[in-house]
Amino acid sequence: MSGKTSGVGASQSVGKTASASTHQAVSGTVSLGVGDALSVSSTASFITVVQARIAKLPDVREAKVEALRAQLESDDYHPDGEAVAEGLVRDYTPPRQDS
């Protein structure tokens with residue numbers, strides 16, 4: 001093999017000593033060494049970005065918990081499951097940047 005990579009998108013060399021926290025999702029082909037290549041789809045890149053954002057969220061959002069607690073105590077909490085799901089997707093999903 002010639003060691004050249006082919007494919008659509010950016011090419012980037014990856015060193016053996018790079019840590020997982022320094023890697024960024026790349027849509028395209030990544031050169032891993034002589035004759036090796038790794039292709040990452042835009043969907044895989046999107047999932048990586050979403051997982052990184054989720055990992056940064058606090059375990060407990062105190063302000064929301066207290067607001068919900070007050071609604072529960074006053075019997076004023078009647079959630080709409082579909083609205084809750086839409087809100088979670090809207091709040092915690094970054095906008096897609098399709099090229």
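Only a predicted model underlies this, so the values are computations on that prediction, with no experimental measurement involved.

Criteria and cut-off values
- Residues numbered from 1 in each chain as written.
- Predicted model: local features only at pLDDT ≥ 70, side-chain atom pairs only at ≥ 80, totals over all residues.
- Heavy atoms only, no water.
- pLDDT = per-residue confidence, 0-100.
- Contact = heavy atoms within 4.5 Å.
- Salt bridge = Lys/Arg side-chain N within 4 Å of Asp/Glu carboxyl O.
- Helix = DSSP H or I, 4+ residues; strand = E, 2+ residues; numbered from the N terminus.
- Buried < 20%, exposed > 50% of the residue type's maximum accessible area, 1.4 Å probe, protein only.

Another point: the confidence of the model for the chain. When pLDDT is averaged along the chain, the result is 74; 66% of the residues meet or exceed 70. Considering only residues more than four positions removed or in separate chains, one finds that residues 1-27, a stretch of pLDDT under 50, has 38 contacts.

Another point: the pattern of salt bridges. For the structure on display, the rule yields two salt bridges. A salt bridge links R69 to E66; the nearest nitrogen and oxygen atoms lie 3.5 Å apart. A residue pair is termed a helical-turn pair when its members lie 3 or 4 positions apart in one helix, as R69 and E66 do in helix 2 (residues 62-73) at three residues. Judged by its relative accessible area of 41%, R69 is partly exposed.

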